[in-house]
Amino acid sequence: DAKTTQPPSMDCAEGRAANLPCNHSTISGNEYVYWYRQIHSQGPQYIIHGLKNNETNEMASLIITEDRKSSTLILPHATLRDTAVYYCIVSAWPGANSKLTFGKGITLSVRP
Amino acid sequence: EAGVTQFPSHSVIEKGQTVTLRCDPISGHDNLYWYRRVMGKEIKFLLHFVKESKQDESGMPNNRFLAERTGGTYSTLKVQPAELEDSGVYFCASSQDGYGYTFGSGTRLTVV
């Protein structure tokens with residue numbers, strides 16, 4: 001079972017920031033928070049990951065609370081192409097003994 | 001760099017037939033994973049290769065599924081004999097050095 005909970009859906013206006021929440025209250029000390037998204041009929045796409053510090057890359061920012069029990073993915077300027085299902089996943093550092101456990105994710109709809 | 005390639009992209013077979021799915025990971029990626037989504041359900045892990053060795057095959061549903069990765073390069077997933085409940089989208093992913101997984105576009109399998 002997934003160790004994360006996410007709202008089923010949200011929407012935002014094009015050009016505005018999209019803030020996607022995720023709860024992971026049972027996260028272990030060695031587990032990272034990963035975000036992936038799946039745009040219709042494509043394979044999941046890696047977005048970002050973090051352990052305890054906030055992270056930023058060209059796609060998004062990840063804000064992790066100090067107690068690590070929740071996080072927020074921020075798409076700073078959402079576009080219509082960002083409409084997708086976003087998955088928040090906790091997992092050990094990828095490698096010999098890791099796998100991704102997908103939940104239902106959150107469906108983000110970006111409206112014009 | 002070339003991404004993860006899967007083929008065929010679609011396959012329609014009759015119940016009882018055999019189907020082989022192929023995945024070409026990103027060159028140099030030691031880790032290769034198979035996942036699948038059956039209709040209405042979440043994406044589920046099937047198995048994980050490290051080079052040519054099966055690291056974790058705990059997600060394989062039954063012995064009708066056989067995965068191989070000869071020489072540690074491409075991988076095949078054979079379903080024999082196929083059943084109706086095997087219909088779904090099969091994703092392959094690869095990773096190296098613990099960074100985000102790169103998924104292929106998937107193979108949509110329909111068993112009729």
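These numbers come from a predicted model, not from an experiment. (Residues numbered from 1 in each chain as written. Chains lettered and ligands numbered in written order. Predicted model: local features only at pLDDT ≥ 70, side-chain atom pairs only at ≥ 80, totals over all residues. Heavy atoms only, no water.)

## Details of the pattern of salt bridges
Going through the model one piece at a time under the given rule, you end up with nine salt bridges over all chains. Between K99 of chain A and D56 of chain B there is a salt bridge; the shortest N-O distance is 3.8 Å. Of the two residues, K99 of chain A is situated in the loop between β8 (84-92) and β9 (106-111) and D56 of chain B in strand β6 (residues 53-56); the pairing between them involves two chains. Between R22 of chain B and D24 of chain B there is a salt bridge whose closest N-O contact spans 2.7 Å. A relative accessible area of 22% places D24 of chain B in the partly exposed class. (Salt bridge = Lys/Arg side-chain N within 4 Å of Asp/Glu carboxyl O. Helix = DSSP H or I, 4+ residues; strand = E, 2+ residues; numbered from the N terminus. Buried < 20%, exposed > 50% of the residue type's maximum accessible area, 1.4 Å probe, protein only.)

## Section: the packing of aromatic side chains
For the coordinates displayed, the defined rule picks out 13 aromatic pairs over all chains. For the pair Y32 of chain A and Y34 of chain A, a centre-to-centre distance of 6.3 Å together with 45° between the ring planes defines the contact as tilted. We note that Y32 of chain A, like Y34 of chain A, is buried. Plain terms: the ring middles of F102 of chain A and F103 of chain B are 6.1 Å apart, the flat faces sit at 75° to each other, and that makes the pair edge-to-face. Remark: F103 of chain B occurs in strand β10 (residues 102-103) and F102 of chain A occurs in the loop between β8 and β9; the pair is interchain, linking two chains. Neither residue differs from the other here; F102 of chain A and F103 of chain B are each classed as buried. Three or more aromatic residues link up through ring pairs in this structure, and these residues are Y36, Y46, Y87 and F102 of chain A together with Y33, Y35, F45, Y101 and F103 of chain B. Directly above the aromatic system of Y74 of chain B lies the positively charged group of R22 of chain B, at a separation of 3.7 Å from the ring centroid. (Phe/Tyr/Trp six-rings, centres within 6.5 Å; stacked < 30°, edge-to-face > 60°. Lys NZ or Arg CZ within 6 Å of the ring centre and 35° of its normal.)

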